[in-house]
Amino acid sequence: MTKQYEIRVNPADFSVLTSAVFTIAREMGLNMERTARAPIYFSAHDFCTSLLSLDAEVIALAEYIPVLTGATPFAVNAVRKYFGDDVGEGDVFLVNDPYTLDGGNQLADWCIVYPIFYQNEQILWVANKAHQQDTGGGAPGGYNPHAIDIYAEGLRIPPLRIYKAGRERRSVVNLIMTNVRIPDVQHSDLLSLIGAARVAEKRVRAVMDNYGRDIFKVFLEDLLAYGEFLMRAEIEKIPDGTYHSEIHGDVPEAPVIVCDMTVEGDELTVDFTNSGPMSREYINSPIANTYSSVYQAILQSLGKRFDVRCGGCYRPIHIRTTPGTITHATFPATHGNCTNFVAKQIIEAVWAALAQVLPHETPGGWGSIPYWVFSGVDPRRGEGYGSPDFLSCASGAGAMWGVDGWSTNGPVICSGTLYYPEMEVCESLYPILWERWEWATDSAGPGRWRGGLGVHNEWVANGGTQPIFVHYAADPYDYYAAPAIEGGQTPPPNRKELFLAEGRHVSNQEVRDSKAFVLTSGARVVDFVQGGCGVGDPLTREVEEVWKDVRDGLVSLESAERDYGVVIDSENFSVKQKETEDIRLKMKTNR
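Residues numbered from 1 in each chain as written. Predicted model: local features only at pLDDT ≥ 70, side-chain atom pairs only at ≥ 80, totals over all residues. Heavy atoms only, no water.

Colleague: Would you mind showing me how to read the packing of helix H6 (residues 183-211) against helix H7 (residues 213-235) here?
Modeller: Angle between the axes and distance between the axes: these two values describe a pair of packed helices. The contact between H6 and H7 brings their axes to 7 Å, and the two run at 115 degrees. Relative to H7, H6 is oriented roughly perpendicular. Packed against H6, whose contacting residues are Val204, Val207, Met208 and Tyr211, the element H7 presents Arg213, Ile215 and Phe216 at the interface. Split into classes, the residues belonging to the contact of H6 with H7 amount to six nonpolar, no polar and one charged. (Axes fitted to C-alpha atoms, helices over the stretch in contact; angles between N-to-C directions. Helix = DSSP H or I, 4+ residues; strand = E, 2+ residues; numbered from the N terminus. Parallel < 35°, antiparallel > 145°, perpendicular 65-115°, else oblique. Contact = heavy atoms within 4.5 Å. Nonpolar A, V, L, I, M, F, W, Y, C, P; charged D, E, K, R; others polar.)

Colleague: Even after reading the chapter, I still don't get the packing of aromatic side chains, so can you show me in this structure?
Modeller: Per the stated rule, a full pass over the model turns up 25 aromatic pairs. Seen from their ring centres, Tyr82 and Phe83 are 5.0 Å apart, and the 65 degrees between their planes marks the pair as edge-to-face. Classification of Tyr82 as exposed rests on a relative accessible area of 52%. Measuring from ring centre to ring centre gives 5.9 Å for Trp372 and Phe517, while their planes differ by 90 degrees; the resulting arrangement is edge-to-face. Taken together, the residues span a long stretch of sequence, with Trp372 in strand S12 (residues 372-378) and Phe517 in strand S19 (residues 516-519) at a distance of 145 residues. Overall, the relative accessible area of 0% leaves Trp372 in the buried class. (Phe/Tyr/Trp six-rings, centres within 6.5 Å; stacked < 30°, edge-to-face > 60°. Buried < 20%, exposed > 50% of the residue type's maximum accessible area, 1.4 Å probe, protein only.)

Colleague: Would you explain helix H13 (residues 557-564) in this entry?
Modeller: Burial in H13 covers these residues: Ser559, Ala560, Asp563 and Tyr564. Viewed along the axis of H13, the buried residues span an arc of 105 degrees, placing them on a single side of the element. In H13, those exposed residues whose orientation departs by more than 90 degrees from the buried face are Glu558 and Arg562. Packed against the buried residues of H13 are helix H12 (543-551) and helix H14 (577-589). (Arc of directions from axis to C-beta.)

Colleague: What's the story with the pairing of strand S13 (residues 383-388) in this structure? I'm lost.
Modeller: The two faces of the sheet receive side chains in turn, since in a regular strand these alternate between them. Here S12 runs beside S13; their pairing, made up of six bridges, is antiparallel. In the sheet register, Phe374 faces S13, and the bridge partner there is Ser387. Hairpin connection from S12 to S13: four residues lie between these consecutive antiparallel strands, with Gly382 at a positive phi of about 70 degrees. (Pairing = 2+ DSSP bridges.)

Colleague: Looking at this structure, I do not really get the side chain of Asp537. What am I missing?
Modeller: Structurally, Asp537 can be placed in the loop between strand S20 (524-528) and H12. There is a polar contact of 2.9 Å between the side chain of Asp537 and the backbone nitrogen of Leu539. Within polar-contact distance, the side chain of Asp537 engages the side chain of Arg591 at 2.7 Å. Look past the residues within four positions of Asp537 in its chain and what remains in contact with it is Gly447, Arg448, Glu486, Gly487, Gly488 and Arg591. (Polar contact = N/O pair within 3.5 Å; in protein donor to acceptor, adjacent residues only side chain to side chain.)

Colleague: Would you explain the nonpolar core in this entry?
Modeller: Generally speaking, a soluble globular protein has its nonpolar side chains buried in company with each other. One finds Ile162, Phe216 and Leu519 to be the most contacted residues of the largest nonpolar core, which totals 161 residues. Those residues in contact with Phe216 that lie beyond four places of it in its chain are Leu17, Val21, Ile123, Leu124, Val204, Val207 and Met208. With eleven residues, the next largest nonpolar core counts Val546, Val550, Ala560 and Val566 among its residues. (Core = buried A, V, L, I, M, F, W, Y, C linked by side-chain atoms within 4.5 Å.)

Colleague: What's the story with the pattern of salt bridges in this structure? I'm lost.
Modeller: Any two side chains of opposite charge can pair, given that their charged atoms come close. In the structure shown here, the tally under the stated rule is 46 salt bridges. Glu201 is the partner of Arg205 in a salt bridge, and the nearest nitrogen-oxygen pair spans 3.2 Å. Of the two residues, Arg205 and Glu201 both sit in helix H6, four residues apart, roughly one turn of that helix. Put simply, Asp552 and Arg551 hold a salt bridge, and the shortest N to O gap is 2.9 Å. Assessed through its relative accessible area of 45%, Asp552 is described here as partly exposed. Through salt bridges with shared partners, a single ionic network connects Glu57, Glu228, Arg232, Asp266, Glu267 and Arg315. (Salt bridge = Lys/Arg side-chain N within 4 Å of Asp/Glu carboxyl O.)

Written out as structure tokens, the structure reads:
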């Protein structure tokens, strides 16, 4: 049995210091929002900020992109292993490579690692990780679906000192910026990451001035131990045993994600050793990405009510993988889209296993995102640009027992923290005109509690003589969304089409096969984005709730009858009560 944990510092001090370190993490994020130049930072918030202990355990995090946060300990550990004791005040390190000391989750996510010193003694690490507009490599924007190895995906940065004692190592930074396509903006964004870390340094020193070195050090130990206590107490509620799940794709060549989750007392082991081989597609998951995905899955289910989320929560969780599989990619495998796929499938494999024993505490599966990464030169300014199409990342969240899923809340790796930019802002930044962005009728999985809806996203290239380069960054295997819990149903798949300027229609299958296109002015992009899984039997959904969904255009008349057994008169829009009772009874009987 998990023992009650008693903190050693004064409880009031513990509360104030906990608030302080998490506020510092959030202030770093706000500082980045204000100072960054790339919309992927200031608009989408595609980054994370965190404070870590000297042993690289997360002390405090801000609620930005969760799948990035769990990978920050790997970046810090890579720096620790590479530089050892050769770390000084004012040093700044940069790392993104997943295959050098397991330091990165994805080349596109650069992580600065910054040591915080107090009176000549190192106290903490800062790790700020952010998605870049470009990483070099064979395709603009950091996503290269035709890459054959990691070298074609971008610039590999092993643990690298870019500042020494507060001074930029200009030749090193110039080498990095020479190998990306938008160096001016990305250098500014690098300074934003570093500036945020320096803000944290000032705030931590101020806190330590008030409380003293000794109390602060004991507090850090207390905080991690408290997080561990919270997680062990939740794991202990689960009956001992092994719970098995598998996530399959819609095509035979899709590597299966196999999860065996074993509970023994207050310890939890998540085992992916039987997962399928690495893929020729660029979705293979390096170990940092796999760990981060597992941590996210568990914190969003077992830990969703925790008042503190820190590295102590990870201590009772043990993860097993087999090198050379899709859940443990090895050099030089492609991996550029792994933080979307198969991170999503890893998260949902954990949930699918957990739902077998805790169905009312586990989220339903979220919709997948069929997005492009677009890039080119904006003729209005003569400047380069590159970004994921975040407006096509608006999939639906899965329902949970007692509540419908949130619409346009995906992808699951962001869990509602990704900000969708205003269309007017997008149109001012990119030579694109949006013509439609609305909830897509019938995109959600039916259930007693319905999944959230995805969107119908439609835009037109408007670059004049300048082409727009688009690269396919959707799930290449159409993995099935999971879990659909206790009779809930899965959503329909994504659909992605092009209507080229010369009039040719490019089907969803052709888009998937070709993966890269050059769009001229007038070409139209059409995306139907998947909603989330439903939870509970759709035939038990309140009739009035189905009627409201039809009224609001979320569910069609046909789906209301086919999936929910609710018959609505198409002329006067009233519910046909007798027909509804009869068809529901018939549907239940015929199961």
